[in-house]
Amino acid sequence: MKLLSIAIPCYNSQDYMRHAIETLLAGGEDVEILVVNDGSKDKTADIAAEYQQKYPTIVHAINKENGGHGDAVMTGLKNATGLYFKVVDSDDWVDEESLKRVLAQLRVFTEQKEEIDMLICNYVYDKVGVKHKHVMQYRHAVPQNRVFDWNETRFKIGEYLLMHSVIYRTALLNKCGLNLPKHTFYVDELYVYQPLPMVKKMYYMDEDLYHYFIGREDQSVQENVMIRRIDQALLVNRMLVTEVDLSKVTNKRKQAYMRRYLEIVTTVSSILLLKSGTAENKQKKDELWKFIREENPYVYKKLRHGLMGHVLHLPGKGGRRIALAGYKVTRKIYGFN
């Protein structure tokens, strides 16, 4: 059995998917690389087939009708045979030496017959034009190089686990009811959030494993693109509320972390709606908060009475300016978008 299955969702990825695949091949026979061609119209399928022919015991090319990023991730998960599972987007890549060390640790778990639910590594914001790349690391938030649980975590504001930083146990993902929506961007938020109630045993390696490329004009995280696709972000935001009932997450540290995660996602949605400046989107912001209040009053109370909940509901143009200024500072500090 493979140690690690790695899904690469690909849509018209001919120009950059080779780099992603090549870095993952450093894992050798310990990895299963699932190249999921999501109905591409370029040479993506040909490139995937080429690698499958060259590395038949490592690379598996999967062709499917277009269903979007989340559907490609789910297709990868359904075909995964490895003990653990990771997603690598086709324009991103991994550090080869870090990958080898991660696999060595997963091998230790297997030999010692110890199952962990989630392995955490660092990721690098590889932003075009930025000389000093921002590294998202967790060395002050969690213990290093040993198994730990939520009671030992110390996540601060701005320290969030993203799809780039986690490797989940495959069986846990299959058990948690994960079902990412089709034709929807930003499902990575749901991917990393929904399994958390089942996560108990974790392990952190201070490795800059994942390189998250930011710079393509059409990239989904570009602010103007996010505003155009705001309805998809709102769908995911609502699913974060409905798919997990935070009031039933009994571990206090886990619940606090998940609440802050939901808070930052809701804040970004709200800020983008305000930033667009249209009356229609301002109404959508109000409807989002109304939805949260009606769907889960417990969550609404926690979010609405937090700092960002107050800021986002300051009245008039002055309140809007304060909210946008806070967003601008946060974006500069943490390097997103």
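Draft legend 1. Highlighting the packing of helix α10 (residues 279-295) against helix α11 (residues 297-304). α11 packs onto α10 with a crossing angle of 130 degrees between their chain directions and a minimal axis gap of 5 Å. The pairing of α10 with α11 is recorded here as oblique in orientation. Packed against α10, whose contacting residues are Trp 289, Ile 292, Arg 293, Glu 294 and Glu 295, the element α11 presents Pro 297, Val 299, Tyr 300, Leu 303 and Arg 304 at the interface.

Draft legend 2. Representation of α10 within the structure. Its 17 residues give α10 an end-to-end C-alpha distance of 24 Å, which sits within 8% of 24 Å, the value for a rise of 1.5 Å per residue. Considered for burial, the residues of α10 that qualify are Asn 281, Lys 284, Lys 285, Leu 288, Trp 289 and Ile 292. The arc that holds every buried residue of α10, seen down its axis, measures 135 degrees, which confines them to one face. Seen from the buried face of α10, the exposed residues on the opposite side, beyond 90 degrees, are Ala 279, Glu 280 and Glu 294.

Draft legend 3. How the structure looks around the confidence of the model for the protein chain. Considering every residue of the protein chain, the mean pLDDT works out to 91; 90% of them sit at 70 or more. Every residue in residues 333-337 is under pLDDT 50, and counting partners more than four places away or in other chains gives 18 contacts.

Draft legend 4. Region of the structure containing the pattern of salt bridges. Enumeration according to the criterion identifies 17 salt bridges in this entry. The closest approach of N and O atoms between Lys 284 and Asp 231, which form a salt bridge, is 2.8 Å. Of this pair, Lys 284 sits in helix α10 while Asp 231 sits in helix α8 (residues 230-243), and the two are 53 residues apart along the sequence. With its nearest N and O atoms 3.8 Å apart, the salt bridge here joins Lys 285 to Asp 286. Overall, the relative accessible area of 35% leaves Asp 286 in the partly exposed class. Through salt bridges with shared partners, one network takes in Asp 38, Lys 64 and Asp 71.

Draft legend 5. Highlighting unusual backbone geometry. The phi angle at Asn 12 is positive, at roughly 50 degrees, despite the residue not being glycine. Along the polypeptide, Asn 12 turns up in the loop between β1 (4-10) and α1 (17-24). Owing to a relative accessible area of 28%, Asn 12 belongs among the partly exposed residues under this scheme. Positive phi outside glycine occurs at Tyr 186, with the angle close to 70 degrees. Take Tyr 186: it is sitting in the loop between α5 (170-175) and α6 (188-193). Under the relative-accessibility criterion, Tyr 186 is labelled buried at 8%.

Draft legend 6. Examining the nonpolar core more closely. Leu 119, Tyr 138, Tyr 168 and Tyr 191 are the most contacted members of the largest nonpolar core, which totals 106 residues. Here the element with the most residues in this core is helix α9 (residues 252-276); it accounts for 10 residues. Aside from chain neighbours lying at most four places away, what touches Tyr 168 is Tyr 84, Phe 85, Asp 117, Met 118, Leu 173, Tyr 191, Val 192, Pro 195, Leu 196 and Val 199.

Draft legend 7. Representation of the side chain of Ser 90 within the structure. For Ser 90, the location among the structural elements is in the loop between β4 (84-87) and β5 (93-94). According to the relative accessible area criterion, Ser 90 is buried, its value standing at 6%. When residues no more than four places from it in sequence are discounted, the contact partners of Ser 90 are Ile 8, Pro 9, Cys 10, Ser 13, Tyr 16, Met 17 and Ala 20.

Draft legend 8. Looking closely at the side chain of Glu 32. In this structure, Glu 32 sits in strand β2 (residues 31-38). This buried residue, Glu 32, is left without a salt bridge; Lys 2 holds the nearest opposite charge, at 7.1 Å.

Draft legend 9. Expanded view of the packing of aromatic side chains. Taken as a whole and judged by the stated rule, the model has 16 aromatic pairs. Note on Phe 109 and Tyr 203: the rings are 5.0 Å apart at their centroids and 80 degrees apart in plane angle, and the pair reads as edge-to-face. Of this pair, Phe 109 sits in helix α4 (residues 96-111) while Tyr 203 is found in strand β10 (residues 202-214), placing the two residues 94 residues apart along the sequence. Each member of the pair, Phe 109 together with Tyr 203, is buried. Look at Tyr 160 and Tyr 257: their rings are 6.4 Å apart centre to centre, the planes differ by 45 degrees, and that puts the pair in the tilted class.

Draft legend 10. Representation of the packing of α8 against α9. At a minimum axis distance of 10 Å, the contact between α8 and α9 shows a crossing angle of 155 degrees. Taken as axis vectors, α8 and α9 run roughly antiparallel relative to one another. Here α8 and α9 pass one another in a crossing that is left-handed. Listed contacts from α9 to Ile 230, Ala 233, Leu 234, Asn 237, Leu 240 and Val 241 of α8 are Leu 262, Val 265, Thr 266, Ser 269, Leu 272 and Leu 273.

Parameters at a glance
Residues numbered from 1 in each chain as written. Predicted model: local features only at pLDDT ≥ 70, side-chain atom pairs only at ≥ 80, totals over all residues. Heavy atoms only, no water. Axes fitted to C-alpha atoms, helices over the stretch in contact; angles between N-to-C directions. Helix = DSSP H or I, 4+ residues; strand = E, 2+ residues; numbered from the N terminus. Parallel < 35°, antiparallel > 145°, perpendicular 65-115°, else oblique. Contact = heavy atoms within 4.5 Å. Expected span 1.5 Å × (residues − 1). Buried < 20%, exposed > 50% of the residue type's maximum accessible area, 1.4 Å probe, protein only. Arc of directions from axis to C-beta. pLDDT = per-residue confidence, 0-100. Salt bridge = Lys/Arg side-chain N within 4 Å of Asp/Glu carboxyl O. Core = buried A, V, L, I, M, F, W, Y, C linked by side-chain atoms within 4.5 Å. Lys, Arg positive; Asp, Glu negative; His and termini not counted. Phe/Tyr/Trp six-rings, centres within 6.5 Å; stacked < 30°, edge-to-face > 60°. Left-handed = near helix turned anticlockwise from the far one by under 90°.

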